[in-house]
Amino acid sequence: MLTKLAVSGLKHRWRDYLVLFSGLIMSSAIFYMFEALATNQAFLKQNTSISMVGFIFQFGSVLLTIITLVYISYANSFLLSMRKRDYGLFMLVGARKRKIGQLIWLETLLVGIIATLVGIIVGTALTAGISQLLINALGLSIHKLAAWYLPAALATLILYVGLFLLAGLFNLIALTKTPALKLLHSNDQPNRPQLKAGRQWAQIIIGLVSISIGYWAMANLGTLQLAGIGLALVTIVLGTYCLFNAIFVWLMVVLKRFAFAHRGLNGFTLSQLSFRIRNYTKMLSIVAMLFALALGAITVGMGFHRETPLMAKSSNAYDMGIVNMTKAEQSKVASLKPTEQTTYHFKTKQKTVFYRASEFNQHPYQTIKLESRNSLDATTQRLKATQLAKSQLRYQLMQLQTPAFQYTTPVFLSDAAYAKLAEPQNRLTIFVTDDVTAHLATFKQLVKSQSDRNPSIKTGVLGGRYSNYVMINGMYSGLEFMGLFLGIAFLAMLASCLMFKILSGANADQHRYQMLAKIGTTAHQQRSAIRKEIAVLFILPGIVGVIHVLFGLKMFSMLMVSSPYTGIWIPFLIFAGLYLIYYLITVNIYKRIVLQ
Amino acid sequence: MTTTPIMTVTDLHKTYGKPGTKQYEALKGIDFNVQAGEFVGIMGASGSGKTTLLNMLATLDKPTSGEVTIHQQPITHLKGNQLADFRAKEIGFIFQDFNLLETMTAFENIALPLTLQNTPTKQIKPAVEKVAGQLGIAEFLSNYPNELSGGQKQRVAAARALINEPAMLFGDEPTGALDSKSARELMDLFTTINQRQAVSILLVTHDPFSASFCQRILFIKDGQIGQELKRGTASRADFYQQILDNLGTFEQ
Ligand SMILES: Nc1ncnc2c1ncn2[C@@H]1O[C@H](COP(=O)(O)OP(=O)(O)OP(=O)(O)O)[C@@H](O)[C@H]1O
Ligand SMILES: [Mg+2]
C-alpha cells in the first residue's frame, strides 16, 4: 500500500525527477570520462613523457571526488526536499517509521544506482565521441585510448554507490527523526542572512590566507612536488568557499541598503538570492572551481596546440630537404609556393659529404638560433661556407641531408677540389614555405615519394620543420588532447551543476512570479529580474574562476617551453563565448518554466 | 453616497474549455455596478462561480463575452504593460492563501508595489510605516512571512494591496484561513479602510459572519446573480441574521 503511494508520488513529480536524473547522469558520466583517462596507465604512458602529468591527474581525481561529494549531497537534499512533504503525509496518516525508513533507503539507492549505470553508458559514448572529434579536428595522434575502460567504470560505480549509501543513511536519519509537521512545512523556511562582523572577517581572512597559500603552492610546484598539489587543492577549495560565504552574504545585505534595491524588482532579486544563500555559496564555490578547471584545461590544451608549430618553426629554417628531387616532386614543391628554394650539389665519400663552397657563398645557408632555453623567439642568420663549417648550427643542414647522410659532417671544397672527386654527384634541394601546417597533406605525399625511392626514409627521420612538426605533434598530442578533453568535460559538469541548481528552484519561483504578475509587474520587468538573478550566479564564479586560472597556469610553466600565458585571450574569449551561450540557454529554459 | 459607479459589469459570460471539448459555462450573464466607496460582498455555494467572477473583475482572467469597466475604463481587453500598470495602480488583491513572497520580509512585501513603480526611496519608508500602522503590523515589519501568524500575514497582504491607494480592493475569501477572532479583526479593518479612505471593496466569501460587514451582498447561484441584499441602516448583527435567513431560503 505504502509502496504504491510512494510510486504514485514518484509519477506525480516526474519533472523534478527528470532534473535530478539528468543532473546525476551528467555528473557520473563526466566522472567516468575523467577516470577513463586518469586510470588508463597505458594511455598516459603512451601519450606523455612528463611525470608531472600523473600528478596533475591525481590532483584532478581528488578534486573531482570532492566536487562529486558536494554535488551528490546537493542532489540528495533536492531529493529529500522533494519527498519530505510526501513522507510527512504518510506519517500523519499513520505509516510506520520502519516502513518509511525502508522506502527512503530504497528510493535513494535506486535513484543513485540507475543514474550511475546510465551515466557510465553516457560517459562511454561521450568519451568516444569527443575524442574522435578532437582527434579529427586537431590532427592529433592519440594511442591506447579506450572509450570503454572497465577500471574507470568500476571506480565510478564504487564512488557513486558508496556516496548514495551514505546519502540514504543520512536521509533515513533526517526524515525519521524529524516530526511530521515540520516535514510538511520544511520547504518554506528562509535562511535569514545574518551579518556578524566577527565571523565575516574571520571568513574573509581564512579565505584570503588559504587562497594565497594555494596560489603559492601552485607556483612552487617544482620544489613541493606532489605535496604542493595536495596543499593547493585543500587550500583553494576551502578559501573559495570561505570567501563566497563571507562576501556573498555581505553583498546581499549591503546591497539592499542602496537606493537601487528599491527600483523595480531589484529588491525582489536580492531577496531571491539571499533566500537561498546557503545553497548558493556552496554551489558557487563548486562552479568557480569547475570554471577554473575547465578554462585552465582548455587554455593549457590550446597552449600546447599553439606551441607545436612554433616549436617546429624554430627548429630549422627550412621545411624539408630532398635529395635528387624528381620532376613530380618538383611540381609538388612548386605547388606549395615556397618562399625560398635552393639546390646545392654534393658528393659523398665514406663518412663525409662534400659541397661546393661557391654555391654556399652565392646562396648562404640560413640558420636559426633560439634566444634562450625557455623561449621560442629565434634569430636567423645566413652563413657562407667558411662560417657554416665553423658554426655549431651546421647540424641544421646535416638534418636536411636525408637519413643516409644525416650524421655525416659537411665539408666545403673549392670548385677545383670538388671536381676532382670521382664520386657521383647528388643534388640537395631545400625549401621553406609560409606555414608548414597549412600543407600537411602535400608534405606527407612528398615524404612518401622519397621513401618509395629510398626505403630508409621515414617520417620523423627527415629533418626540417615538417618532420619536426610531426614529431612534436606526436609528443604533445597527448597533453593537448587531455587538456581539451578535460576542459570540455569540466565545462559540461559546470553546466549540469548550474542547471541543476537553477532548475531545482524554478518550481518555487513559478508561483512567486505569478504573484508578481498579479500585483502589476510587467512581463518585461519579470524577464529582466530573471536575467539579473541568473547573471549574478554566472558572473561571480566566473570572476573567481578566471583569477584561479591566472594563478594556476604558473604550474604549467614547467611543461611548456614558452610562457603558458602567451595568447591566453584566445581560450578566454572562446570560453567566455561558450559561457555566454550557456547563460542564454539557462535564462531561456528558466523563463519558459517560470513565466508560462 | 455618490451615484457614479466605479465599476460596471455588463452581461459577463465565462465558459471553460475550448470549443469542441467538454465545456462548462461558469458565468451565465452577470450584470451589476459598484458605487465609489461601496463595500460589496459576493456569496454563493461552492462551485457557483464566485472565484471565476472575481478573477474576471480583477483582470486575472478574461471573460468569454461581456465587459467590465473600472473608472470608465474597459478592462477586459487590457494587455501587456497596460494591464500591469492597471493592476499596479488601480486595484489591490487579497487572497485566501495570502500570496506573500516568502523570500522577502513583511516590509519588503508591502513596499513591492511602490518599488515596481520606481517610487523615490525616501517616500517608501513613510508610506509603508503609515499603512502598517493603520493595520497594526508595525512591529512585525522585519519578519519573514513564515514568522507571522495567519492573521498577521493577511494584514501584511492587505497592507500591500492598499499601499498604492487603489480605487478598488478585491478579496477572495480573505478570512477563509483565519480563526473567527482574526477574521473579525480583519473585517473591522476593511470597514475602517472603506469608510476612512473611501476605497471600494469587493469581497467573495461564503462566511455569513464576514459578509455581514458589507453594505450590499450579491448572491450567485449557477453562474447568475440570484438575489441582492442591502444592509441599509440595519446594525451588523441584524444584517448577519438577515444573511443567515436569506441563505436558508436561497440555497433551497
Ligand atoms: N479552470 C477551470 N476549468 C474548468 N472549469 C473550471 C475552472 N475553474 C473553475 N471551473 C468550474 O467553474 C465553476 C465555478 O468555479 P469557482 O471556482 O468560480 O467556484 P467558487 O464559487 O469560487 O467555489 P468555492 O466556494 O468552492 O471557491 C465550478 O464548477 C468549477 O468546476
Ligand atoms: Mg472560490
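- Identification of chain B as ABC transporter ATP-binding protein from Lactiplantibacillus modestisalitolerans is taken from an unreviewed UniProt entry.
- Under the UniProt heading Sequence similarities (unreviewed entry), the note attached to chain B is "Belongs to the ABC transporter superfamily."

- The name an unreviewed UniProt entry assigns to chain A is FtsX-like permease family protein, from the organism Lactiplantibacillus modestisalitolerans.

## Here's the deal with the overall build of chain A
Move 1: Assigned secondary structure in chain A consists of 23 helices and seven strands.
Move 2: Taken over C-alpha atoms, the radius of gyration comes to 32 Å for chain A, far larger than the 25 Å a tight globule of 596 residues would show.
Move 3: Each principal axis of the C-alpha atoms in chain A carries an extent, and together these give about 110 × 55 × 45 Å.
Move 4: Per-residue burial over chain A gives 53% buried out of 596 residues.
Move 5: Considering only contacts in chain A between residues 6 or more positions apart, those separated by 24 or more positions represent 82%.
Move 6: Accessible area for chain A stands at about 26,700 Å²; split by element, carbon and sulfur atoms hold 65% of it.

## So, the overall build of chain B
Move 1: From N to C terminus, chain B includes eight helices and 10 strands.
Move 2: Along the longest, intermediate and shortest principal axes, the C-alpha atoms of chain B span 50 × 45 × 35 Å.
Move 3: Scored against the burial criterion, the 252 residues of chain B give a buried share of 55%.
Move 4: Taking as baseline every contact in chain B between residues at least 6 positions apart, the subset at least 24 positions apart corresponds to 69%.
Move 5: With the model as given, the accessible surface of chain B reaches about 10,900 Å², and the carbon-plus-sulfur share is 49%.

## Some thoughts on the packing of helix 8 (residues 197-219) of chain A against helix 22 (residues 523-552) of chain A
All names here are of chain A.
Move 1: As a packed pair, helix 8 and helix 22 sit with axes 9 Å apart at the nearest point and diverge in direction by 35°. For the pair helix 8 and helix 22, contact is made by Ile 211, Tyr 215 and Met 218 and by Ile 547, His 548, Phe 551 and Gly 552, respectively.
Move 2: Tallied by class, residues from the contact of helix 8 with helix 22 come to five nonpolar, two polar and no charged.

## Concerning the UniProt feature "domain: ABC transporter" (unreviewed entry) in chain B
Move 1: Annotation from UniProt places "domain: ABC transporter" (unreviewed entry) at residues 7-247 of chain B.
Move 2: Within residues 7-247 of chain B, the helical portion is 38% and the strand portion 27%, while the C-alpha atoms at the span's ends are 26 Å from each other.

## Observations concerning the packing of aromatic side chains
Residue and element names in this part refer to chain A.
Move 1: Per the counting criterion, the structure on display carries 24 aromatic pairs over all chains.
Move 2: Plain terms: the ring middles of Phe 346 and Tyr 355 are 5.8 Å apart, the flat faces sit at 55° to each other, and that makes the pair tilted. Of the two residues examined, Phe 346 and Tyr 355, each falls in the buried class.
Move 3: With a centroid separation of 6.1 Å and 5° between ring planes, the pair formed by Phe 431 and Phe 443 is classed as stacked.

## Considering helix 5 (residues 97-138) of chain A
Move 1: Over its 42 residues, helix 5 of chain A runs 59 Å from end to end, which matches the ideal 62 Å to within 8%, given 1.5 Å per residue.
Move 2: One or two residues past the end of helix 5 of chain A sits A:Gly139, with phi positive at roughly 65°.

## Notes on the site of ligand 1
Residue and element names in this part refer to chain B.
Move 1: Taken together, Tyr 16, Tyr 24, Ala 26, Ala 45, Ser 46, Gly 47, Ser 48, Gly 49, Lys 50, Thr 51, Thr 52 and Glu 173 are the residues near ligand 1.
Move 2: Interatomic distance of 3.3 Å between a backbone N/O atom of Ser 48 and an oxygen atom of ligand 1.
Move 3: Residue Thr 52 places a side-chain N or O atom 2.5 Å away from an oxygen atom belonging to ligand 1.
Move 4: When contributions to the shell around ligand 1 are tallied by element, the ones reaching two or more residues are strand 2 (24-35) and helix 1 (50-57).

## So, the interface of chain A and chain B
Move 1: Listed per partner, the contact involves 27 residues of chain A and 27 residues of chain B.
Move 2: Summed over both partners, the interface of chain A with chain B buries about 2,500 Å², with 57% contributed by carbon and sulfur atoms.
Move 3: On the surface where chain A and chain B come into contact, there are two salt bridges.
Move 4: Across the pair A:Lys256 and B:Glu108 runs a salt bridge whose closest N-O atoms are separated by 2.8 Å.
Move 5: For the side of chain A that touches chain B, the secondary-structure elements that each account for two or more residues are helix 11 (266-275) and helix 21 (506-518) of chain A.
Move 6: Top contributing element to the side of chain A that touches chain B by residue count: helix 21 of chain A, with six residues.
Move 7: Per-class residue counts for the side of chain A that touches chain B are 10 nonpolar, 11 polar and six charged.

## Some words on unusual backbone geometry
Move 1: In the Ramachandran plot, A:Asn324 falls in the positive-phi region, its phi being about 50° despite a non-glycine side chain.
Move 2: Along the chain, A:Asn324 turns up in the loop between strand 1 (320-323) and helix 13 (327-335).
Move 3: Positive phi outside glycine occurs at B:Asp11, with the angle close to 45°.
Move 4: Mapping B:Asp11 onto the fold places it in strand 1 (residues 5-16).
Move 5: Given the relative accessible area of 40%, B:Asp11 is considered partly exposed.

## Quick look at the sheet that holds strand 5 (residues 73-74) of chain B
All names here are of chain B.
Move 1: Spatial strand order, 2-1-4-5: four strands in an open sheet with antiparallel pairing. The open sheet has two edge strands, strand 2 and strand 5, and neither has a second partner.
Move 2: For strand 1 and strand 4 (residues 65-70), the ladder comprises five bridges, and the chain directions are antiparallel. Residue Val 9 lies in a different strand from strand 4, and its bridge partner there is Val 68.

## Some points on the nonpolar core
Move 1: Ranked by size, the top nonpolar core spans 126 residues in total, and within it A:Leu20 and A:Leu498 carry the most contacts.
Move 2: Lining this core are residues from two domains, each supplying at least three of them: domain 1 (1-189) and domain 2 (256-314 + 463-596) of chain A.
Move 3: Residues in contact with A:Leu498, not counting those within four places in the same chain, are A:Met283, A:Val287, A:Leu537, A:Phe538, A:Tyr579 and A:Tyr582.
Move 4: Judged by nonpolar contacts, the second largest core, of 47 residues, contains B:Phe140, B:Val156, B:Ala183 and B:Cys214.

## Structural notes on the packing of helix 20 (residues 464-504) of chain A against helix 23 (residues 569-594) of chain A
To describe two helices that pack against each other, one gives the angle between their axes and the distance between the axes.
Residue and element names in this part refer to chain A.
Move 1: Direction vectors running N to C along helix 20 and helix 23 enclose 25°, while the axes themselves pass 11 Å from each other. Classified by the angle between their axes, helix 20 and helix 23 sit roughly parallel to one another. In the packing of helix 20 onto helix 23, the handedness of the crossing is right-handed. Taking contact as the criterion, the partners of Leu 491, Leu 494, Ala 495, Ser 496, Leu 498, Met 499, Ile 502 and Leu 503 in helix 20 are, on helix 23, Phe 575, Leu 578, Tyr 579, Tyr 582, Thr 586, Ile 589, Tyr 590 and Ile 593.
Move 2: Residue composition of the contact of helix 20 with helix 23, grouped by class: 14 nonpolar, two polar and no charged.

Calculation notes
Residues numbered from 1 in each chain as written. Chains lettered and ligands numbered in written order. Predicted model: local features only at pLDDT ≥ 70, side-chain atom pairs only at ≥ 80, totals over all residues. Heavy atoms only, no water. UniProt positions renumbered as here; feature names shortened; annotations may be inferred. Helix = DSSP H or I, 4+ residues; strand = E, 2+ residues; numbered from the N terminus. Rg over C-alpha atoms; globule rule 2.2 N^0.38 Å. Buried < 20%, exposed > 50% of the residue type's maximum accessible area, 1.4 Å probe, protein only. Contact = heavy atoms within 4.5 Å. Areas by Shrake-Rupley, 256 points an atom, 1.4 Å probe, with all protein chains shown as cover. Axes fitted to C-alpha atoms, helices over the stretch in contact; angles between N-to-C directions. Nonpolar A, V, L, I, M, F, W, Y, C, P; charged D, E, K, R; others polar. Phe/Tyr/Trp six-rings, centres within 6.5 Å; stacked < 30°, edge-to-face > 60°. Expected span 1.5 Å × (residues − 1). Near = heavy atom within 4 Å. Polar contact = N/O pair within 3.5 Å; in protein donor to acceptor, adjacent residues only side chain to side chain. Buried area = accessible area lost by both parts, 1.4 Å probe. Salt bridge = Lys/Arg side-chain N within 4 Å of Asp/Glu carboxyl O. Pairing = 2+ DSSP bridges. Core = buried A, V, L, I, M, F, W, Y, C linked by side-chain atoms within 4.5 Å. Domains from an automatic or database assignment. Parallel < 35°, antiparallel > 145°, perpendicular 65-115°, else oblique. Left-handed = near helix turned anticlockwise from the far one by under 90°.

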